[in-house]
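Inside the fold
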Amino acid sequence: MARISSVSARSGVYSSHRLSYCLVAMFLLGLPLAQCQLEKMYVDLTDIHLLVDETRLLKLIQIGEYNTSLQATSNIQHLDIVQFVPSVIDIPGTEEPNATAEHSYDICAYGKSPGHSEVTFNVTPTGFVNLDSVFLRVTVMHSNAIYIISYIMGWIYFVAWSVSFYPQIYINFKRKSVVGLNFDFLALNIMGFTMYSLFNCGLFFSKAIQDEYFSRHPRSLNPVQLNDVFFSLHAAFATLITIAQCFLYEREDQRVSMTGRGILSVFVGIVIITASLGAADKIAWLDFLYYCSYIKLCITLIKYVPQAYMNYKRKSTVGWSIGNIFLDFVGGFLSVLQMTLNAYNYNDWISFFGDATKFGLGLFSLIFDIFFMLQHYVFYRETRKLMINDSSEEGTSMMSSRAGSDYFLVRTWDADEKKYDLEAKA
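On a predicted model such as this, the values are computed, not experimentally measured, just so you know.

Another point: the nonpolar core. In this structure, Phe84 and Leu136 are the most contacted members of the largest nonpolar core, which totals 27 residues. If we skip the residues at most four places from it in the chain, leucine 136 touches Val43, Leu45, Thr46, Ile48, Leu58, Phe84, Ser117, Glu118, Val119 and Phe121. Judged by nonpolar contacts, the second largest core, of 19 residues, contains Met191, Val271, Leu289 and Ile295.

What follows is the structure in structure tokens.
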């Protein structure tokens, strides 16, 4: 491969001073002359996407010269996925090393089969080059079209999940009532999205927490992107609007149950304890954010249960937005489908089944969405379109929307129990 060189010389006075310092250091420490330089090596690309049988040119960049010849050898994690040509680069030495000289060497990456592979470099003799930045990630895929479709799907389910909060807000506003919307669900939701927002904002905005993350995973990308931050903050904001409606509109005797309060108390206790440990430097703040994310995962698993049980007890889904469920179903379905397409495109089925948390949460949400649809359209369809003609709290009020051909619901106010009773009459 061709070697491209560009040398930037320092002034004679500075070079003589530097040489003097190096000679002194060599004499005192017994180190070779090249050790006294601030050499650096890196690749100009850290992420490469290739199709099968496609090639891509990248450059290995060397800053600083050496008084001995070196060899840089590519160390490929999966040789069946990608091949580098040449696999070994010879770096000749020079009698007059220049610490600021910059040289680049061409490397051709060839995609052999779908998958992911990390590539590092070894330099011999050792001890001359800082290899901290000499690595890259190579992704080889079957089809660029599948990659584009997967990318579009990601934005579609992002929008679907973001918009899914508003049908419930609209229904509450239209009915001037939150009767039928379970307060345990709302309480768990705001707790979950608050924890999710803390995790995303901490990893996205805090340089200190990012440094902690990269010190543990030096070759990883930041797992939190801007759209993650926007979604979590927007979800928390929309949930707060829904909670505010609970104080403004009719809610009858609905409240957060003792079970719900107990679960929330446990989560709040965990947050307080881990935050205190973080403030006392007993645990890293990154670990505190991980605990917040675990709380979010737990809440996602249980938050739908109170609403489903409430619908079952009332034998009705009135007050619970089916539009929310449709959008959540679309988002969850596209999320799982995207995982499937990516697993095929990168031949990475291990990650598909290995990421049990993400796959399990997506599947769990889809199952609950289907169950809510069955409740709305099959199990309790007789009561799904109630129109209240009279809302007086004494006597009887007719709720006139038809459940069948000659079927009506009567709502009666029970002064002793302080609640409405529903009764179906022909």
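Let's pick the thread back up.
Contact geometry of helix H3 (residues 166-175) with helix H6 (residues 226-248) gives a least axis separation of 10 Å together with a crossing angle of 15°. Taken together, the axis directions place H3 and H6 in an arrangement best described as roughly parallel. Crossing of H3 over H6 shows left-handed handedness. Of the residues in H6, those in contact with Tyr166, Gln168, Ile169, Asn172 and Phe173 of H3 are His234, Ala238, Ile241, Thr242 and Gln245. Residue classes in the contact of H3 with H6 are distributed as five nonpolar, five polar and no charged.

Read from one edge of the open sheet, five strands run E3-E10-E9-E5-E7, paired in mixed fashion. Looking at strand neighbours, the two that pair on one side only are strand E3 (47-51) and strand E7 (88-91), the edges of this open sheet. Ignoring which end each strand starts from, the neighbouring axes of this sheet average 25° apart. Looking at chain direction, strand E5 (residues 70-76) and strand E9 (residues 115-124) are connected through six bridges and run antiparallel. For isoleucine 76, the partnering residue across the bridge sits in E9 and is valine 119.

The rules behind each value
Residues numbered from 1 in each chain as written. Predicted model: local features only at pLDDT ≥ 70, side-chain atom pairs only at ≥ 80, totals over all residues. Heavy atoms only, no water. Core = buried A, V, L, I, M, F, W, Y, C linked by side-chain atoms within 4.5 Å. Buried < 20%, exposed > 50% of the residue type's maximum accessible area, 1.4 Å probe, protein only. Contact = heavy atoms within 4.5 Å. Axes fitted to C-alpha atoms, helices over the stretch in contact; angles between N-to-C directions. Helix = DSSP H or I, 4+ residues; strand = E, 2+ residues; numbered from the N terminus. Parallel < 35°, antiparallel > 145°, perpendicular 65-115°, else oblique. Left-handed = near helix turned anticlockwise from the far one by under 90°. Nonpolar A, V, L, I, M, F, W, Y, C, P; charged D, E, K, R; others polar. Pairing = 2+ DSSP bridges.

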